[in-house]
Amino acid sequence: MNARAREPRGPMLLSALIALIFQVVPLPDWLSIARPAFLVLVVLYWSIVSPRAGGLLFPFACGLALDVFRGAVLGEHALALTLVAFLVMRFHLLIRAKPLFEQALIVFAALTLYEFVVWCIDGWTGHTLNSALRWLHPVTGGLIWPVVFGVLSRTHRPR
Amino acid sequence: MVTFGSGRPVPSRVAATGPRFTFYAALAIVLMFLDQRGNWLEYARYGLSAAAYPVQLAVNSPSAAWRWVRGNFATRERLTAENTALREANKALELRALRTESLEAENAQLRELTAAMPDVAERWIVAEVLAIELTTLRQRVVVNKGAADGVFKGQSVLARGGLIGQVMRAGPWSAEIILISDPEHAVPVQVLRSGLRTIAVGQGNTGVMTLPYLPVNSDIKVDDVLVTSGLGGVFPAGYPVARVIDVGRDPGQPLALVHAEPLAAIDRDREVMLVWFRADHPAAPAAPSTVVPAPPEASP
């Protein structure tokens, strides 16, 4: 029970809320196309650093919030985010030991998988959107990962 | 990490187990299924959009505050200039209204009606667009009026200049609007000059719509105005939608390549009008059942 109490739940929830706001705040068109999926990055961070803080409920809830905000089919982003977080949690000890550069590559792969799942569900539910631009945010997400990691690791005691 | 030969981590350190993942994945899939088939999740969505509203307001607050500051510290010259411009616009509108009245009277005479029909728009409310970005590559906006103000799904949304979209989802205090420029949106339109009916489809770009279903030899040219045709059961007839900006005719192709520019300032207007229409008016949206062509006569 003691170990459970030390999990950084507060910073986790607060960072998720701020990331959600970053993700829906309006930006100029050219910038918003390249905007990284902040909430997904935050979920990946907590999945790597402290998977027990939120378990799989945290990615699921964040995905549901994204569904509501984006007007998607309920469960679409929830499924994609749960899947990606599950894979990352499975290997979180391996990923945690990697240097930031390699982590960024892994994050890029995870974001691409996430977008792929969303793209598939978009197609199956009849909301096809085959723009090449939708594959841009994994790249910027991977590039910004060191910054996200640096900022978030200051919000709680190192583990 | 402690391992015991099997290579598996100690169970207590594992947060993501297969069964748990299966549970959440199944839950997500069930949700998607329920949301997609039937409207069993309408209430859940209604509640969730109520929960989302505070965050939407928080996101909107910086730009709202900025506009409030600018509005309060507007200079005298700017206000005077704005006032003059508005007076000019008002005069122009009055002139047009005069003409409309005489035209309406003439129309009534032609139709041998005793009195001119009232306007098809019964009432409207002005809603403000919240500065929220839903999806980058789709064209949707959120406005600050919802079911509490009587907003309903499928309601037409107008702005200065013409039609801009329809309500896609109405939450308690906010509503999601799909714009006519969304790639998933199509408006049944009519060319004002020739009466030609077709469909205008969005492209995911506020400035351009396409008319993909026109034959090469159809009577359409640049600067033609497209108005809603009233078919389809959503929009009433006669509201301006777009202006044709480009007609490409390739003799080798069966269809013409026509582009049009929406008349309403989709990305610039912060205020939109949600409109209720008279159901018994001739220009009211035709109910889908009346649009269906009559069944072919039984052959003897």
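On a predicted model such as this, the values are computed, not experimentally measured, just so you know. (Residues numbered from 1 in each chain as written. Chains lettered and ligands numbered in written order. Predicted model: local features only at pLDDT ≥ 70, side-chain atom pairs only at ≥ 80, totals over all residues. Heavy atoms only, no water.)

1. With respect to the overall build of chain B
Point 1. On a plain count of helices and strands, chain B comes out with four helices and 12 strands.
Point 2. Taken across its 300 residues, chain B has 37% of its residues classed as buried.
Point 3. Intrachain contacts of chain B at a sequence separation of at least 6 include 60% that bridge at least 24 residues.
Point 4. Roughly 17700 Å² of accessible area belongs to chain B as shown, and the carbon and sulfur atoms make up 59% of that amount. (Helix = DSSP H or I, 4+ residues; strand = E, 2+ residues; numbered from the N terminus. Buried < 20%, exposed > 50% of the residue type's maximum accessible area, 1.4 Å probe, protein only. Contact = heavy atoms within 4.5 Å. Areas by Shrake-Rupley, 256 points an atom, 1.4 Å probe, with all protein chains shown as cover.)

2. Describing helix H6 (residues 57–70) of chain A
Side chains of residues three or four places apart in an α-helix project in the same direction, reflecting 3.6 residues per turn.
Residue and element names in this part refer to chain A.
Point 1. Here H6 is 14 residues long and its end C-alpha atoms lie 20 Å apart, about the 20 Å a rise of 1.5 Å per residue gives.
Point 2. By the burial criterion, the buried members of H6 are Phe58, Pro59, Phe60, Cys62, Gly63, Leu66, Asp67, Val68 and Phe69.
Point 3. In the segment just after H6, Gly71 is the residue with positive phi, at about 65°. (Expected span 1.5 Å × (residues − 1).)

3. As for the sheet that holds strand E11 (residues 257–262) of chain B
All names here are of chain B.
Point 1. The strand order E6-E7-E8-E11-E10-E9 describes a closed barrel built from six strands, whose pairing is antiparallel. Adjacent strand axes in the sheet meet at a mean angle of 40° when their direction is disregarded.
Point 2. Summarising the sheet, strand E6 (residues 186–191) and strand E7 (residues 197–202) pair through five bridges and their orientation is antiparallel. From the neighbouring strand, Ala186 faces E7, where its bridge partner is Val201. (Pairing = 2+ DSSP bridges. Axes fitted to C-alpha atoms, helices over the stretch in contact; angles between N-to-C directions.)

4. Digging into the confidence of the model for chain B
Residues and elements named next belong to chain B.
Point 1. Looking at chain B as a whole, its pLDDT mean stands at 81, while 84% of the residues score no less than 70.
Point 2. Low pLDDT, under 50, characterises residues 1–12; the predicted model gives this stretch nine contacts beyond four residues in sequence or across chains.
Point 3. Low pLDDT, under 50, characterises residues 289–300; the stretch is placed with three contacts to residues that sit more than four places away or in other chains. (pLDDT = per-residue confidence, 0-100.)

5. Re the side chain of Ser218(B)
Residues and elements named next belong to chain B.
Point 1. Checked against the element boundaries, Ser218 lands in the loop between strand E8 (209–211) and strand E9 (225–228).
Point 2. Judged by its relative accessible area of 10%, Ser218 is buried.
Point 3. A polar side-chain atom of Ser218 sits 2.6 Å from the main-chain carbonyl oxygen of Pro215.
Point 4. The contacts of Ser218, once residues within four sequence positions are left out, are Leu196 and Arg249. (Polar contact = N/O pair within 3.5 Å; in protein donor to acceptor, adjacent residues only side chain to side chain.)

6. A closer look at the nonpolar core
All names here are of chain A.
Point 1. Ranked by size, the top nonpolar core spans 63 residues in total, and within it Val40, Leu44, Tyr114 and Trp145 carry the most contacts.
Point 2. For this core, the element with the most residues is helix H4 (residues 38–49), which contributes 11 residues.
Point 3. If near-sequence neighbours (up to four positions away) are discounted, Tyr114 is found in contact with Val40, Leu66, His77, Ala80, Leu81, Val84 and His137. (Core = buried A, V, L, I, M, F, W, Y, C linked by side-chain atoms within 4.5 Å.)

7. What about helix H2 (residues 42–72) of chain B?
Point 1. If you look at H2(B), its biggest bend is around 45°, right at Ser61(B), and the proline Pro62(B) turns up within four residues after that.
Point 2. Within the sequence span of H2(B), burial applies to Arg45(B), Ser49(B), Ala50(B), Ala52(B), Tyr53(B), Val55(B), Gln56(B), Val59(B) and Asn60(B). (Bend = angle between axes of the 7 residues up to and from the residue.)

8. Topic: the interface of chain B and chain A
Point 1. Across the contact, 38 residues belong to chain B and 47 residues belong to chain A.
Point 2. Across the interface of chain B and chain A, roughly 3600 Å² is buried in total on both sides, 68% from carbon and sulfur atoms.
Point 3. Taken together, the connections running from chain B to chain A amount to zero salt bridges.
Point 4. Linking chain B with chain A are six residue pairs in polar contact (both at pLDDT 80 or more), by the criterion used here.
Point 5. Listing elements by their share of the side of chain B that touches chain A, those giving two or more residues are helix H1 (18–36) and H2 of chain B. (Buried area = accessible area lost by both parts, 1.4 Å probe. Salt bridge = Lys/Arg side-chain N within 4 Å of Asp/Glu carboxyl O.)

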